[in-house]
Amino acid sequence: MSLNINSLLIHGGIDGDETTGAVNVPIYQTSTYKQDGLGKDRGWEYSRTGNPTRAALEKLIADLEQGKYGLAFASGLAAISTVLSLFKSGDKLVVSDNIYGGTFRILDNVFKNFGITYEIVNTSDLEKTEKAITDDVKAVYVESPANPLLTVTDIETVAKIAHKHDKLLIVDNTFLTPYLQRPLTLGADIVIHSGTKYLGGHSDTVSGQVVVNDKALADRLYYLQNAIGGVLGPWDSFLVIRGIKTLGVRMDRHVANAGKIAKWLESSEYVSKVYYPGLESDPGYEVQKKQADGAGAMISFVLDEKYDYRKFFENLKLITLAESLGGVESLVCHPATMTHAAIPADIRKKVGIVDELIRFSVGIEDADDLIEDLKQAIEASKKG
Ligand SMILES: *Cc1c(COP(=O)(O)O)cnc(C)c1O
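Since the model is a prediction, treat every value here as computed from it, not as a measurement.

Reading the values: the criteria
Residues numbered from 1 in each chain as written. Predicted model: local features only at pLDDT ≥ 70, side-chain atom pairs only at ≥ 80, totals over all residues. Heavy atoms only, no water. Near = heavy atom within 4 Å. Polar contact = N/O pair within 3.5 Å; in protein donor to acceptor, adjacent residues only side chain to side chain. Areas by Shrake-Rupley, 256 points an atom, 1.4 Å probe, with all protein chains shown as cover. Nonpolar A, V, L, I, M, F, W, Y, C, P; charged D, E, K, R; others polar. Pairing = 2+ DSSP bridges. Helix = DSSP H or I, 4+ residues; strand = E, 2+ residues; numbered from the N terminus. Contact = heavy atoms within 4.5 Å. Axes fitted to C-alpha atoms, helices over the stretch in contact; angles between N-to-C directions. Buried < 20%, exposed > 50% of the residue type's maximum accessible area, 1.4 Å probe, protein only. Core = buried A, V, L, I, M, F, W, Y, C linked by side-chain atoms within 4.5 Å. Domains from an automatic or database assignment.

Asker: How would you explain the site of the ligand if you had to name every residue and give the values?
Answerer: Within the structure, the ligand sits among 14 residues, and Gly76, Asp172, Ser194, Thr196 and Lys197 are positioned closest to it. Asp172 places a side-chain nitrogen or oxygen 2.7 Å from a nitrogen atom of the ligand. In the environment of the ligand, an oxygen atom lies 2.6 Å from a nitrogen or oxygen atom belonging to the side chain of Thr196. Coverage of the ligand by the protein amounts to 92% of the 380 Å² it exposes when considered alone. Split by residue class, the shell around the ligand holds five nonpolar, six polar and three charged.

Structure follows, in structure tokens:
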């Protein structure tokens, strides 16, 4: 029976435990497995190579992304570094111009040292993207909506452009999750997640996931996962599976809250700009509507210069100043000094990550309470 996503969230992957009937996948807290004789294992050898709890999550994330092969890692960046290890010295990547700061850092300060280079391009500009695909480019790497300015890239069209030139398309789907967007169905070759965010959903565990459809690509990634070793432990695999069960109900509330707050911000005199692809005024609105089932719950806004952004953060009562996103609780951060501090100031400015920019991960609290908190914190931070 083919299940819709709301059922897959609960029953996808490995549904419970066959041996005991436990409705939850057990936490196989073991590093190794008894072999019944030389060359006679029972399908499991060593937990870096494979663990049943991790395997359940790996199958679940593949099912949710409508892909064939899933992999789970110790963090989003462990997933990203494993994917980047597909490439070799002399290879180049075309990368979205606003991406997660840690992704930029690992490209610029780790993989560049191994001779893998990158070019930063505004991938919402299709012409520029195609122009950047030179012979040495092996893949296009995008986030959509991208971090922190929520720039939307047309995944289907960029996939066509990449494939026309025989390149891979890698999509970081952290901000939307498969509940709202399934990049493989739009033509992407590799989907990456920081499961630390919405998939886990409760700000209590760090993880990363990768999903692909191509068998050869999957084989190479499983090889790299085992060879590099940044795997997700059984306990954390269990936590992510548990988080995913409520992903649908959480995302519905996240998106409803974000829509309401974005509209309120846009109509207020407190901000000079709101970035949210669910607003009709947003340049990414049409593409977002076409390729996803919602605009997500990340909003960025530029506080009007009448207000002191430093004071704003201190005045918040309900909303927490912290890095990260995607948990049930609302978090705000200051990209210029926090999540995107690794990006040089000139690049930051060029792409619009100004000092007054505030990134808001809208939680599932009451939307009116969140608006009330924003309002009082902004008013209390008026300059002069
Ligand atoms: C957080 C994040 C990452 C990195 O994931 P970790 O789990 O923190 O290693 C990658 N991409 C995006 C979009 C993220 O938000």
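Asker: Quick one: what's the story with the sheet that holds strand 8 (residues 271-275), residue by residue and with numbers?
Answerer: Across the sheet, five strands lie side by side as 8-9-12-11-10; this open sheet has mixed pairing. Since the sheet does not close on itself, it has two edges, and those belong to strand 8 and strand 10 (320-321), each with one partner. Of the pairings in the sheet, the one linking strand 10 to strand 11 (residues 331-333) comprises two bridges and is parallel in character. Among the inter-strand pairings, Leu321 is bridged to a residue of strand 11, identified as Val332. Against the sheet, helix 10 (residues 247-267) engages strand 8, strand 9 (298-303) and strand 12 (357-361), with an angle of about 15 degrees to strand 9.

Asker: An account of the environment of Leu60 is needed here, citing residue identities and associated values.
Answerer: Along the polypeptide, Leu60 turns up in helix 2 (residues 52-64). Its relative accessible area of 3% is what places Leu60 among the buried residues. Distance in space between the C-alpha atoms of Leu60 and Ile14 is 7.0 Å, their sequence separation being 46 residues. Apart from the residues within four sequence positions on either side, Leu60 is in contact with Leu8, Leu9, Gly12, Gly13, Ile241 and Ile244.

Asker: Please provide a residue-by-residue account of the nonpolar core, values included.
Answerer: Core analysis: the biggest nonpolar cluster contains 65 residues, and Ile261, Ile299, Phe301, Phe312 and Phe360 have the highest contact counts within it. Looking at this core, the element that brings in the most residues is helix 10, giving seven residues. Counting contributing residues per domain, this core is built from domain 1 (5-245) and domain 2 (248-380), each supplying no fewer than three. Among all residues touching Phe301, those that are not within four sequence positions of it are Leu265, Val271, Lys273, Val274, Phe312, Glu356, Leu357, Ile358, Phe360 and Leu374.

Asker: Which residues make up helix 3 (residues 76-84), and what are the values?
Answerer: With respect to burial, helix 3 is a largely interior element, eight of its nine residues being buried. Residues Gly76, Ala78, Ala79, Ile80, Ser81, Thr82, Val83 and Leu84 constitute the buried set of helix 3.

Asker: Got a sec to walk through the sheet that holds strand 3 (residues 117-121)? Specific residues and values, please.
Answerer: Here seven strands make up an open sheet; going across it, the order is 1-7-6-5-4-2-3 and the pairing mixed. Among the strands making up the open sheet, the edge pair consists of strand 1 (69-73) and strand 3. Neighbour to neighbour, the strand axes of the sheet diverge by 20 degrees on average, direction disregarded. Pairing analysis gives five bridges linking strand 6 (residues 190-194) to strand 7 (residues 208-212), with the strands arranged antiparallel. Within strand 7, the residue paired with Val191 across the bridge is Val211. Each of strand 2 (92-96), strand 3 and strand 4 (137-143) touches helix 4 (residues 101-109); the most contacted strand, strand 3, lies at about 140 degrees to it.

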